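Okay, here's what each chain looks like letter by letter:
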Amino acid sequence: MHDSTKLYRGRFAPSPTGPLHFGSLIAAVGSYLDARRNAGRWLVRMEDLDRPRESEGAADAILRTLEAYGFEWDEEVVRQSSRGAVYEAALDRLRTDGAVFPCACTRREISDSNLGGTDEPIYPGTCRNGLPPGRPTRSIRARVDDAPITFEDRLQGRTEQNLAREVGDFAVRRADGLFAYQLAVVVDDFEQGISDVVRGADLLASTPRQILLQRRLGYPTPRYVHLPVAVNAEGEKLSKQTLAAPLALNDAPSQLCGALRFLGQEPPRGLDSAGISDLWSWAIAAWTIEKVPRRRSAPCDACTF
């Protein structure tokens, strides 16, 4: 159980690029149950920074689906698209402290200079000591160092990453002018007083970058749980790109029980025939993080592809 002397504040933060699917439901269920089991508050944040990728009407559809599945959030929904001034203020603080620098590199240039042998190119530090002559600023990058970032995930265990060797200086404002996810999520979690972040393990590798920004901005670091993500028969994460089926509004009990089983919670026979309220009452009382499989992904047996 969470330390009862500190108010638990959790959140679910979908991106409105399409409807919720079973993979999204796993993260929502895990974060909701962990908050409710610890007598905490649960918030919904719409991560709609990347407006070109947003599907029209997706944000409202996500909220309708959450309501149909019996989720109850405790505060007004926050939308990142309206918080540019807050992110700009945080970026100004980082500039003042010399923690960021302007970068002129294109994506192609970074990819061509990649020596890391990884799918995600490691930034080679081209502009960290000043822009090349005649080159305009394209993005703003956070300056990393060689000290490893280590944290203890409540499910995945001890995680360590050397940002200099594995990531390089990373973008906090993109070449298209949009604030990067890494900065926005750090600022939002602080502003909303989030104590516990429960999300998919696909974001585990991003956490050290967020911890670095938290330290640079003087923010506390939340506790983290990175749940296994659902993958299809080809081993691909369920997503809009992999054609994951949207959640049906009239199939909530069955899908919720599928998510509970995926998370190792063993719902009793017949629970999927109970009302939503009774289902949630059982799930909250039974929730324990120790039963969740300690792996980063698992095949999805409870959904249709």
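As shown above, the structure is provided for reference.
Anyway, here's the lowdown on the structure attached to this text. From a predicted model like this one, the values you see are computed outputs, not experimental measurements.

Given two aromatic rings, one states the distance between the centres and the angle between the planes to describe the pair. Under the defined criterion, the tally for this structure stands at 11 aromatic pairs. Taken together, a centroid distance of 4.8 Å and an interplanar angle of 85° make the contact between Tyr32 and Trp42 edge-to-face. Of the two residues, Tyr32 is situated in helix α1 (residues 22–37) and Trp42 in strand β2 (residues 41–46); the sequence distance between them amounts to 10 residues. Judged by relative accessible area, which is 4%, Tyr32 ranks as buried. Ring centres of Phe101 and Tyr123 lie 6.3 Å apart, and the angle between their planes is 35°; on these two criteria the pair is classed as tilted. Placement of the pair is Phe101 in strand β4 (residues 100–103) and Tyr123 in the loop between α4 (107–112) and β5 (139–142), with a sequence separation of 22 residues. Of the two residues, Phe101 and Tyr123, neither departs from the other in class, the shared state being buried.

Relative to the helices and strands, Gly270 resides in the loop between α8 (252–262) and α9 (276–286). We classify Gly270 as partly exposed; its relative accessible area is 41%. For the pair Gly270 and Cys257, spaced 13 residues apart in sequence, the C-alpha to C-alpha distance is 9.8 Å.

Turning our eyes to something else, we now look at the sheet that holds strand β3 (residues 78–79). One open sheet accounts for 3 strands, arranged β1-β2-β3; its pairing is parallel. Of all strands in the sheet, those with a lone pairing partner are β1 (9–12) and β3, marking the two edges. The pairing of β1 with β2 spans 4 bridges and is parallel. Across the sheet, residue Arg9 finds its bridge partner in β2, namely Arg41. This element, α1, spans β1 and β2 of the sheet and lies at about 150° to β2. Those strands touched by helix α2 (residues 58–68) are β1, β2 and β3, and its axis lies near 155° from that of β2.

The next thing to look at is α1. Across its 16 residues, α1 extends 22 Å between first and last C-alpha, which sits within 8% of the 22 Å expected from 1.5 Å per residue. Buried residues dominate α1, accounting for 14 of its 16 residues. A positive phi of about 55° marks Ala39, the residue just after α1.

Two numbers describe how α8 lies on α9: the axes approach to 10 Å, and their chain directions differ by 10°. Relative to α9, α8 is oriented roughly parallel. Only Ile276, Leu279, Trp280, Trp282 and Ala283 of α9 make contact with α8, whose side of the interface consists of Ala252, Pro253, Leu256, Cys257 and Leu260. Here the contact of α8 with α9 is composed, by residue class, of 10 nonpolar, no polar and no charged.

Covered by surrounding structure in strand β6 (residues 149–153) are Ile149, Phe151 and Asp153 only, the residues Thr150 and Glu152 on the alternate face being uncovered. Looking at chain direction, β6 and strand β7 (residues 157–161) are connected through 5 bridges and run antiparallel. Counterpart to Ile149 in the pairing with β7 is Gln161. The hairpin turn running from β6 into β7, its antiparallel successor, is 3 residues long.

Counting 46 residues, the largest nonpolar core has Phe22, Leu25, Val29, Leu66 and Phe71 as its most contacted members. Sorting the residues of this core by element identifies α1, β2, α2, β10 (223–227), α8 and α9 as the ones contributing at least two each. When residues in this core are grouped by element, the largest group, 9 residues, is from α1. Judged by nonpolar contacts, the second largest core, of 32 residues, contains Leu91, Ala99, Ala142 and Leu163.

The rules we used
Residues numbered from 1 in each chain as written. Predicted model: local features only at pLDDT ≥ 70, side-chain atom pairs only at ≥ 80, totals over all residues. Heavy atoms only, no water. Phe/Tyr/Trp six-rings, centres within 6.5 Å; stacked < 30°, edge-to-face > 60°. Helix = DSSP H or I, 4+ residues; strand = E, 2+ residues; numbered from the N terminus. Buried < 20%, exposed > 50% of the residue type's maximum accessible area, 1.4 Å probe, protein only. Pairing = 2+ DSSP bridges. Contact = heavy atoms within 4.5 Å. Axes fitted to C-alpha atoms, helices over the stretch in contact; angles between N-to-C directions. Expected span 1.5 Å × (residues − 1). Parallel < 35°, antiparallel > 145°, perpendicular 65-115°, else oblique. Nonpolar A, V, L, I, M, F, W, Y, C, P; charged D, E, K, R; others polar. Core = buried A, V, L, I, M, F, W, Y, C linked by side-chain atoms within 4.5 Å.

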